Protein chains: 2
Amino acid sequence: MIVEEFKRQAAETAVTAIQSGMVVGLGTGSTAVFAVRALGKLLQDGRLHTIVAIPTSEATAREAERVGIPLTTLDQHPLIDVGIDGADEITPTLDLIKGLGGALLREKIITLATKRFIVIADSSKKVPRLGIRAPLPVEVIPFARQPVHDYLVSLGARPVLRARQGQPFITDEGNIILDCHFDNGIPDPLWLAQAIKQRPGVVEHGLFLGLAQTAVIAGTTGIELLGQPL
Amino acid sequence: MIVEEFKRQAAETAVTAIQSGMVVGLGTGSTAVFAVRALGKLLQDGRLHTIVAIPTSEATAREAERVGIPLTTLDQHPLIDVGIDGADEITPTLDLIKGLGGALLREKIITLATKRFIVIADSSKKVPRLGIRAPLPVEVIPFARQPVHDYLVSLGARPVLRARQGQPFITDEGNIILDCHFDNGIPDPLWLAQAIKQRPGVVEHGLFLGLAQTAVIAGTTGIELLGQPL
């Protein structure tokens, strides 16, 4: 799979921004896992030391432990030096849709606590504007599924309950995901982000606006850097 | 306890607004429980029939079942005719602080789906402005406790983790509560409500602004009605 190779290249480029002594945020998903493994290898090789990391999901915590990355919590380390995570869509101004991996809530909490957030992706994730390629995931309290569904429709979305093996997908926090499709993309992401989050029963959504400082994107033409240098 | 008598009087007055065939929202807490019992009695006496009710907590669900009120869900009945619930503070314009009972999230989801929300209280809950008498509860994902705490401090609050028997109090949705104290009340509740809810890791808060249509308040001088008539 050539796409897997692009994901690995982006991840291995991004981890060069990590220095010994740092607190690192670890993302979730098929791209972020390459960053976890690359960081584990740098620690095993002795090229980095005294790193502690905060994982954005139970799955990432297990993978980090497997490759020997010491873990910590936001309670112990409320400020993160560098965070590395994937995205489902990336615009030229580094606005993102995230959450296909199912961990958008912890990912956003971590990102808010991060001084420098580096998003990594293969080039298929580049979009001219948000909502064209990927649905927007909205994490919802199960109790509020029906009213929040109807509210999202009133905002112009087509919400689809995320399922896995015929059952509703359940997040690490015990919530459901409504994947919101938009016929012609999202016209005003900032307005939509506020309108969705204000609604009782909504826990979080996958719009990450103005949060990424750097994007590392790998494709057939090589590695492209957007935003601040590594 | 004379205060208990006032709570009972307010509850028994409010349930007169319920008519046969209605979908009813049932609140949580020491005042709302009197409304649950009063509704149960009206059903047992045959003065009301074909009622279905949606409870705002597991505790209220158990009490409703005990007194013979048939329960339903928001999925089955997305629109509620009348909701009755207590509050910790009530202003003259019917803005509320709720959540001392620990069920503010489901209470707010239910209230948003309610055509007519009646708040019931003893007269000690009346305040000239919000945040004077009661702390403002904020329901938070446990993972985000420290960053949300620091954010609430930046908004002028003194957040205190709600505890029960020496352990963090856990809501029906598995979250923690930060009770926010304000030295001179809340200057701008609408602004504060939006600022708190926007923060990743915040699930909901106890500000109920513009949501109640009627207040039934019982005290030494009798029963007072605010807002729309019953």
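Cut-offs applied
- Residues numbered from 1 in each chain as written.
- Chains lettered and ligands numbered in written order.
- Predicted model: local features only at pLDDT ≥ 70, side-chain atom pairs only at ≥ 80, totals over all residues.
- Heavy atoms only, no water.
- Helix = DSSP H or I, 4+ residues; strand = E, 2+ residues; numbered from the N terminus.
- Buried < 20%, exposed > 50% of the residue type's maximum accessible area, 1.4 Å probe, protein only.
- Contact = heavy atoms within 4.5 Å.
- Phe/Tyr/Trp six-rings, centres within 6.5 Å; stacked < 30°, edge-to-face > 60°.
- Lys NZ or Arg CZ within 6 Å of the ring centre and 35° of its normal.
- Pairing = 2+ DSSP bridges.
- Right-handed = clockwise from strand over helix to strand, strands pointing away.
- Domains from an automatic or database assignment.
- Buried area = accessible area lost by both parts, 1.4 Å probe.
- Polar contact = N/O pair within 3.5 Å; in protein donor to acceptor, adjacent residues only side chain to side chain.
- Axes fitted to C-alpha atoms, helices over the stretch in contact; angles between N-to-C directions.
- Parallel < 35°, antiparallel > 145°, perpendicular 65-115°, else oblique.
- Nonpolar A, V, L, I, M, F, W, Y, C, P; charged D, E, K, R; others polar.
- Core = buried A, V, L, I, M, F, W, Y, C linked by side-chain atoms within 4.5 Å.

With that settled, consider the side chain of Thr 60 of chain B. Residue and element names in this part refer to chain B. On the secondary structure map, Thr 60 appears in helix H3 (residues 58–66). A residue is classified by how much of its surface remains accessible, and Thr 60, at 7% relative accessible area, is buried. Discounting residues that sit within four places of it in the chain, Thr 60 has contacts with Leu 26, Gly 27, Thr 28, Val 36 and Pro 55.

Glancing now at the packing of aromatic side chains. On inspection of all chains with the given rule, the structure shows 0 aromatic pairs over all chains. It is Arg 162 of chain A that lies over the ring of Phe 169 of chain A; its NZ or CZ is 5.6 Å from the centre.

Bringing the pairing of strand S2 (residues 52–55) of chain A into the picture now. Residue and element names in this part refer to chain A. The pairing of strand S1 (residues 23–26) with S2 spans 4 bridges and is parallel. Bridge pairing links Val 24 to Ala 53 in S2. Each parallel crossover has a hand, and for S1 linked through helix H2 (residues 32–44) to S2 it is right-handed.

Attention now moves to unusual backbone geometry. Residue and element names in this part refer to chain A. Even without being glycine, Thr 50 reaches a positive phi, approximately 45°. By the secondary structure assignment, Thr 50 is in the loop between H2 and S2. Thr 50 sits in the exposed class, given a relative accessible area of 58%.

A word on the domain arrangement of chain A. How big an interface is tends to be reported as the loss of accessible area on association of its parts. All names here are of chain A. Taken as a whole, chain A is organised into domain 1 (2–124 + 209–220) and domain 2 (136–203). Counting from both sides, the interface comprises 12 residues of domain 1 and, opposite them, 14 residues of domain 2. Both faces considered, domain 1 and domain 2 share a buried interface measuring about 980 Å² in area, 63% of it formed by carbon and sulfur atoms. On inspection of domain 1 and its partner domain 2, the count reaches 4 residue pairs in polar contact (both at pLDDT 80 or more).

All names here are of chain B. Strand order in the open sheet formed by 6 strands is S2-S1-S3-S6-S14-S15, with mixed pairing between adjacent strands. Among the strands making up the open sheet, the edge pair consists of strand S2 (52–55) and strand S15 (222–227). Across the sheet, the mean angle from the axis of one strand to that of its neighbour is 20°, orientation sign disregarded. Across 6 bridges, the pairing between strand S14 (residues 214–219) and S15 is antiparallel.

Before going further, it helps to examine the packing of helix H6 (residues 189–198) of chain A against helix H6 (residues 189–198) of chain B. Interhelical geometry of H6 of chain A versus H6 of chain B gives an angle of 95° and a closest axis separation of 9 Å. The orientation of H6 of chain A relative to H6 of chain B falls into the category roughly perpendicular. Counting all contacts with H6 of chain A, which are made through Ala 193, Gln 194, Lys 197 and Gln 198 of chain A, the residues of H6 of chain B involved are Ala 193, Gln 194, Lys 197 and Gln 198 of chain B. Here the residues of the contact of H6 of chain A with H6 of chain B are counted per class, giving 2 nonpolar, 4 polar and 2 charged.

So, on to the nonpolar core. If you look at the biggest cluster of nonpolar residues, it comprises 68 residues, and the most contacted ones within it are Leu 136 and Leu 152 of chain A together with Leu 136 and Leu 152 of chain B. Those residues in contact with Leu 136 of chain B that sit more than four places away from it in its chain are Ile 97, Leu 178, Asp 179, Cys 180, Phe 182, Ile 186, Leu 192, Ile 196, Gly 206 and Leu 207 of chain B.

Quick look at the environment of Ser 124 of chain B now. Residues and elements named next belong to chain B. Within the secondary structure layout, Ser 124 lies in the loop between strand S6 (114–122) and strand S7 (136–140). Linking Ser 124 and Ile 90, residues 34 residues apart in sequence, is a C-alpha distance of 9.4 Å. Of note is the side chain of Ser 124, whose polar atom sits 2.4 Å from the side chain of Asp 122.

A sheet is described by the order of its strands in space; here 3 strands give the open sequence S4-S5-S13 (chain B), paired in antiparallel fashion. Where the open sheet ends on each side, the last strands, each with one partner, are strand S4 (89–90) and strand S13 (207–208) of chain B.

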